[in-house]
There are 2 protein chains.
Amino acid sequence: MRKRKGAGRPTISDVAEKAGVSTITVSRALRDPSKVSDHLRRKIDNAVKKLNYVPHSHASALASTRSNIIGVIVPSLTNNVFADTLRAIYDAFDQGAYQVQLGNSRYVAKEEERLVRTFLGQGPSAMIIAGTDQTDVTRELLENAPCPVVQIMEIGDDPIDMMVGFSHFEGGRAAGMHLVQKGYKRIGFLGARMDPRSHRRMEGFKEAMRSGGRYDPDLIMTTTTSSSVTLGAELIGQLRARRPDLDAVFCNNDDLALGALFGCQKAGISVPDDMGIIGFNDLEMMAASYPSLTSIRTDRYAIGKHAVAMIQSALEGEMPDQKIIDVGFELQQRESTSRKR
Amino acid sequence: MRKRKGAGRPTISDVAEKAGVSTITVSRALRDPSKVSDHLRRKIDNAVKKLNYVPHSHASALASTRSNIIGVIVPSLTNNVFADTLRAIYDAFDQGAYQVQLGNSRYVAKEEERLVRTFLGQGPSAMIIAGTDQTDVTRELLENAPCPVVQIMEIGDDPIDMMVGFSHFEGGRAAGMHLVQKGYKRIGFLGARMDPRSHRRMEGFKEAMRSGGRYDPDLIMTTTTSSSVTLGAELIGQLRARRPDLDAVFCNNDDLALGALFGCQKAGISVPDDMGIIGFNDLEMMAASYPSLTSIRTDRYAIGKHAVAMIQSALEGEMPDQKIIDVGFELQQRESTSRKR
DNA sequence: TTGTATGCGTTATCAA
DNA sequence: TTGATAACGCATACAA
């Protein structure tokens, strides 16, 4: 007697037996109820409940070469921006039949490629990946993937499949234009990490400077060091050392902006009168600081929600309303750029 | 000819054929190389490389009733504290043969229970779960789980299996004692969310107040609202309205502390002379703010690293050095509590 | 140390 | 609409 016993939990054949049908009928009833007659469906549903049957996802994945995994790849786990989007994704999927599988690429393209390979190897139901700067190989892997793919956080002309986000170029431009309009003259840029999205924000900023007649490359200060509040204070200190006439900065992100504010306060520079500051993303703290900080508000939670909605409709075979969703952004003007002229 | 084709990728029998051995030998060579002779092992390794063979995790899970999943359950995705620990966990597992599966319980015990059920249903290799306040059912499920279980973030007397963290009670006590020692007299407590760990920090604080002769329940202000910088400013405003003589606060966490600082600045109250402020966790911004903020430093990354190390040694059958690891905490005194007496 | 025969729980295929 | 049967890819039990 060499019966191997599994985890001991009820299987699909237990359900089939109890309902007096075959296993395949149970399988069908569970995956597409419309393929089974009402009569049997009711019997099966009852049996499922009575036995407290839970489908075995590994067996299902093996037999169908398709798993219930939703692969999600982001470049950072600690960046609040992605955390908000992840929360939306988890909120949307946690109740359903799908399992979110998260990967952290650490802003390294090769890592991202490895993760895509790993996830694709599991036959995921869908993939969500941050940004549009995949390597050629990654791109090809995803283009050939037999599942919906959503690129999130930003938008572009050439989606792998679907996209949700906003234009970082335009966001950067709006920030720059705001400083020009407020009458600041020597407007700097502080940038940390300088990943592709940061670059595009910077390009948008430069464009605004040019069109406003304020472009001065000497006022741009960037580093590939990862962003932090401390770094913001350091960078503004360095830029002021180089250019004491600096009177405003657009910061790559809100951490830097808060740091720049602290740096100014420490140096006795009045914000917004002697220095205008604008950040990016509008994290919660921006409205609470003193003085409050102007920022470009982005709706990261909405990005996650849209991504899931797109996937779900694709999985249900519907053509999505649009392949590219622009959630936009919104300037939140606050005290840090509201100087009395 | 009713051959079903899989994903088309090489299987273990392709490897076996190429290496001229049986499939089980390949299987063994991959899982425990010491069980196979050097000679065959080399042949197998070569075949694996040539074919670019990747084990099929679902098939493996099905056959062994054990998956390579590491289940991780945290109460929040956006709280930096957990983000740091998650990053450590992902850093440690990303390269290896394990897949991290993340769940967000949203601080809801029933959600946590549901997630534990879901994960356990997958036959995980290990479980990591935040805190020590599981429901009785959750606890029993985990106690009977046929895999290592690590509770993280805090420690206690009665681990389900293993634990890594520190005493929040002692952390709160240290914060309170610091304020007493600095000569503050009417010392308040600001608490948001008030999850179990927050409660224990508060109890530690109370203990410090009692032993310092400064206990005054009227100075304690808590809310179950989730923490934010904005909330910190609001809470200190409310507490000052009730008790204008308040001269120091211990904040539940750093967001609140930063908010309290902003609230004081807005109200024209000097920190630290008229108001001492101490936070908890010592997020990066605390050292950068102006004035810099005192906090209790905790090493969240180390917690994640230790948790993974404990799991790995348990998985390798070793008895871990200790079932409970206390990573401790450290008072970081800064300007916000450094008043001139 | 290595191999043979099965079984893991589900779904694709084909037939009724 | 339903069912019988053979995969899916790997690991366990047992034998050699």
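Analysis parameters
Residues numbered from 1 in each chain as written. Chains lettered and ligands numbered in written order. Predicted model: local features only at pLDDT ≥ 70, side-chain atom pairs only at ≥ 80, totals over all residues. Heavy atoms only, no water. Helix = DSSP H or I, 4+ residues; strand = E, 2+ residues; numbered from the N terminus. Buried < 20%, exposed > 50% of the residue type's maximum accessible area, 1.4 Å probe, protein only. Areas by Shrake-Rupley, 256 points an atom, 1.4 Å probe, with all protein chains shown as cover. Core = buried A, V, L, I, M, F, W, Y, C linked by side-chain atoms within 4.5 Å. Contact = heavy atoms within 4.5 Å. Least-squares fit on C-alpha atoms with pLDDT ≥ 70 in both. Pairing = 2+ DSSP bridges. Near = heavy atom within 4 Å. Polar contact = N/O pair within 3.5 Å; in protein donor to acceptor, adjacent residues only side chain to side chain. Nonpolar A, V, L, I, M, F, W, Y, C, P; charged D, E, K, R; others polar. Axes fitted to C-alpha atoms, helices over the stretch in contact; angles between N-to-C directions. Salt bridge = Lys/Arg side-chain N within 4 Å of Asp/Glu carboxyl O.

## Remarks on the overall build of chain A
Argument step 1. Looking only at helices and strands, chain A features 13 helices and twelve strands.
Argument step 2. Seen through its C-alpha atoms, chain A measures out along the principal axes to roughly 85 × 40 × 40 Å.
Argument step 3. Out of the 341 residues belonging to chain A, those deemed buried represent 52%.
Argument step 4. About 14,900 Å² of surface is accessible on chain A, with carbon and sulfur atoms providing 48% of the total.

## Side note on the nonpolar core
Argument step 1. Grouped together as the largest cluster of nonpolar side chains are 86 residues, with contacts concentrated most on V72, L102 and I152 of chain A together with V72, L102 and I152 of chain B.
Argument step 2. Beyond its immediate chain neighbours, meaning those up to four positions away, V72 of chain A contacts L86, I89, V100, Q101, L102, G103, F119 and I128 of chain A.
Argument step 3. Membership of the second largest hydrophobic core comes to 56 residues, among which are L239 of chain A together with C251, L256 and L283 of chain B.

## Describing the relation of the copies chain A and chain B
Put simply, the second copy of the chain is the first one after a rotation about an axis and a shift along it.
Argument step 1. Of the transformation superimposing chain A on chain B, the axial component is 0.1 Å and the angular component is 180°, with the fit at an RMSD of 0.2 Å. Expressed as an axis order, the relation between the two copies is that of a two-fold axis. When each C-alpha of chain A is compared by its distance to the rotation axis, H58 of chain A comes out closest, at 2.4 Å.
Argument step 2. When you check the interface residues of chain A against chain B, 100% turn up at the interface there too, and the contact is symmetric in its surfaces.

## Some words on the pairing of strand β5 (residues 162–166) of chain A
The side chains of a regular strand alternate, residue by residue, between the two faces of the sheet.
All names here are of chain A.
Argument step 1. Here β5 lies mainly inside the structure; five of its five residues are buried.
Argument step 2. Bridging between strand β4 (residues 149–154) and β5 involves five bridges; their strand directions are parallel. Its bridge partner lying in β5, V150 is registered against M162.
Argument step 3. Bridge analysis of β5 against strand β11 (residues 324–326) gives three bridges, and the strand direction is parallel. The partner of V164 across the bridge, within β11, is I325.

## Brief notes about the protein's contact with DNA strand C
Argument step 1. Residues in contact with DNA strand C amount to 28 residues; listed here are only the nearest, I12, S27 and Y53 of chain A together with T25 and S37 of chain B.
Argument step 2. Protein-proximal atoms of DNA strand C, defined as those within 4 Å of the protein, fall in sugar or phosphate at a share of 68%.
Argument step 3. A distance of 3.1 Å is found between a phosphate oxygen of DNA strand C and a side-chain nitrogen or oxygen belonging to R31 of chain A.
Argument step 4. Between DNA strand C and A59 of chain A, the relevant distance is 3.5 Å, taken from a base nitrogen to a main-chain nitrogen or oxygen of the residue.
Argument step 5. Within the residue set of the surface near DNA strand C, elements represented by two or more residues are α2 (23–31) and α4 (57–64) of chain A together with α2 (23–31) and α4 (57–64) of chain B.
Argument step 6. Along the lines of polarity and charge, the residues of the surface near DNA strand C split into twelve nonpolar, ten polar and six charged.

## As for the sheet that holds strand β11 (residues 324–326) of chain B
Residues and elements named next belong to chain B.
Argument step 1. Across the sheet, six strands lie side by side as β2-β1-β3-β4-β5-β11; this open sheet has parallel pairing. Only two strands of the sheet have a single partner each, and these edge strands are β2 (99–104) and β11. The sheet shows a mean angle of 15° between the axes of neighbouring strands, direction not considered.
Argument step 2. Across the face of the sheet, helix α13 (residues 300–315) comes into contact with β1 (69–74), β3 (126–130), β4 (149–154), β5 (162–166) and β11 while running at roughly 165° to β5.

## So, the pattern of salt bridges
Argument step 1. Summed over the entire model, instances satisfying the criterion amount to 52 salt bridges over all chains.
Argument step 2. We note a salt bridge from E113 of chain B to R117 of chain B, for which the minimum N-O separation is 3.2 Å. Taken as a pair, E113 of chain B and R117 of chain B lie in helix α6 (residues 109–120) at a separation of four residues, close to a single helical turn.
Argument step 3. With a relative accessible area of 47%, R117 of chain B lands in the partly exposed category.
Argument step 4. In this structure, the salt-bridge partner of R243 of chain B is D245 of chain B, at a minimum N-O distance of 3.0 Å.
Argument step 5. Through salt bridges with shared partners, a single ionic network connects R186, D216, D218, R242, R243, D245 and D247 of chain A.

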